[in-house]
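Secondary and tertiary structure notes
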Amino acid sequence: MKWSKLLIQTLREDPGDAEIDSHRLMVRAGFVRKASGGLYTYLPLGMRVLNKVQRIVREEMDRAGAQEIVMPILQPSELWKTSGRWDSMGPGMFRLEDRGGHSFALSPTAEEMVTSLLGGIVNSYRQLPATVYQIQWKFRDEIRPRFGLMRSKEFLMKDAYSFDVSLDAADASYEAMFEAYKRIFERCGLKAYPVEADTGDIGGKFSHEFHVLADSGEDGIAFCEGCGYAANLEKASRKVSARSDAPCAEIEMVPTPGAKTIDEVSAFMGVPAAAFVKSLIYVADGKCVMVCVEGDRDVNEVKLRHFLGAKKVELADPAAVLAATGANAGSVGPVKPADSSLRIVCDLGLKGAKGCIAGANKDDHHIKNLDFDRDCNITEGDYADLVIVRDGDICATCGGKMTIRRGIEVGHVFKLGTKYTSAFKAVYKNDSLEDRVMVMGCYGIGVSRTMQAVIEQSHDANGIIWPSSVAPYQVCICLLDPDDPAAVEVAQSLESALEEKGIDVIVDDRAERPGVKFKDADLIGFPVRVVVGTRGLSSGGVEIKRRRDDKSATVTVPPAEAVEAIVSRLA
Ligand SMILES: [Zn+2]
């Protein structure tokens, strides 16, 4: 392909809305162009990368036995009402009506449609297991689209769904997808880590997110170097250190005028935040509950919601706090709240805690020498893991220290159970001809997001560094003297010889200065650059350089040896 024939426009200026490198580079190098907030056009270079990522995804899905289908983007509301998600998806789902007044969603995902589909096709256990997938555009009404393709309103996603005869059988389908995902990301040149994720009602270890580590990532992940444990912060747990048995003095009330936050009271009393008890009033499905954690910790609301078995938890408003405890926020604590029936749940870190400081349930007062076992009325079963883990916490598996890293989620595998198949009565007949509900798994890969994640993980100050497998072109031949027939001849024969080997080649035949060509080639990030020019040919041959190597690794070889030298550098 000749550069001059392609719609490539590199930009000198960074886009104003780019907060992360991959977004900046992707736009500057001419892969995508913003059409509107959260909406992008894929230009020829971007389309080539997107197609290559899709090809890898397709090959690995097929290899794992999944069957490709494609379902409509426009999905009737009835499907979503059957699962209950027409309401629960909230304002993040795009909705519209046709001229007849029928309402539809622009698909953000397709569990409903695929379950309804398979329910109609599968009759017998003999047709199972079955895994289907599609690569289809998805939509989400982002409040604040940002980070380019990472958080856009429209994105390309591969979604797969497995159907099995039982929960046990579903494990094998899950494993097959898990392995396929590892291969997909590896083939895309990405280092992606499987991370345990929140499983909702299913429990167990059957939900993994695949994350690409990046400082710009939106998600926190707890890692243990010791045993390889990795979990996202919604799910990650820690080992709690044992508390001392030493007896503590009698409980005592202390005036703390004007000090509201833990930091303020901590400064006022000259005691570290960890000695405090943070007591918060939450409303869980309409009912107040007090949640206590160590003073320097934060409540994990996902864990709290699961522990309480609630659909929704949120912080109570000031009036509810006052009614439940007798004090305003900042003076609330677990000893004798005004509402004696108020349930108090505590993080395991407070089990057996002594000598703590907590709000006194009286404005501008705290209590000290609090002994949880002695002074509070908390049921044994109301101690649970309720906090967000942090850097330096102890790994529950091996006792090592955990670190918190940032990640970009590029994939998710999830054992769903029967949530959708029950709602849609998607049943099969077992060998006794009895109806049984199918067990489902769902598996997503953000295809457009993966493309950007590669850039986020692989770039330098000069631009993108594409892995060969998903590069728009693997080789860029910089033809420095497009008016010299001898140089043109060498460039052309090199181009054909490489293309015969299945290598994608672009020849920069523009009448530009060498410096401009090199800069553009580095910005776009072709894995191998070959320089063909009059002067070089007269003094030894063509120059070959890998994008990821520095200048000193450049080699000059005679044209006849160039193909071999290029191929070996792409391997
Ligand atoms: Zn560990």
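Residues numbered from 1 in each chain as written. Predicted model: local features only at pLDDT ≥ 70, side-chain atom pairs only at ≥ 80, totals over all residues. Heavy atoms only, no water.

Counting residues in hydrophobic clusters, the biggest one holds 61 residues, and the most contacted among them are Phe-31, Val-32, Met-61, Tyr-181, Ile-184, Met-451 and Trp-466. Shared between two domains, this core holds at least three residues of each, these being domain 1 (51-217 + 405-455) and domain 3 (473-570). In this structure, Met-113, Val-122, Tyr-428 and Met-440 belong to the second largest nonpolar core, which totals 25 residues. (Core = buried A, V, L, I, M, F, W, Y, C linked by side-chain atoms within 4.5 Å. Buried < 20%, exposed > 50% of the residue type's maximum accessible area, 1.4 Å probe, protein only. Domains from an automatic or database assignment.)

Strand β24 (residues 439-446) sits mainly inside the fold: eight of its eight residues count as buried. Relative to β24, strand β8 (residues 154-164) runs antiparallel, the two sharing eight bridges. Bridge assignment links Phe-163 to a residue of β24, and that residue is Met-440. As paired elements, strand β21 (residues 402-417) and β24 share six bridges and run antiparallel to each other. Paired with Gly-411 across the two strands is Ile-445, which belongs to β24. (Helix = DSSP H or I, 4+ residues; strand = E, 2+ residues; numbered from the N terminus. Pairing = 2+ DSSP bridges.)

Further remarks concern the domain arrangement of the chain. Splitting the chain by domain gives domain 1 (51-217 + 405-455), domain 2 (252-384) and domain 3 (473-570). Spacing between the C-alpha centres of domain 1 and domain 3 amounts to 42 Å.

Here a ring pair, both rings aromatic, is described through the centre-centre distance and the interplanar angle of the planes. In total, this model carries 11 aromatic pairs according to the counting rule given. Ring geometry for Tyr-181 and Phe-210: centres 5.6 Å apart, planes at 50°, overall tilted. Of the two residues, Tyr-181 sits in helix α6 (residues 167-187) while Phe-210 sits in strand β10 (residues 207-213), which places them 29 residues apart along the sequence. Note on Tyr-181: relative accessible area 0%, which makes it buried. (Phe/Tyr/Trp six-rings, centres within 6.5 Å; stacked < 30°, edge-to-face > 60°.)

This brings us to the pairing of strand β18 (residues 356-359). In this structure, β18 lies alongside strand β19 (residues 365-370), joined through three bridges in antiparallel fashion. In the sheet register, Cys-356 faces β19, and the bridge partner there is Leu-370. Where β18 hands over to β19, the hairpin turn is made up of five residues, of which Asn-361 adopts a positive phi near 60°.

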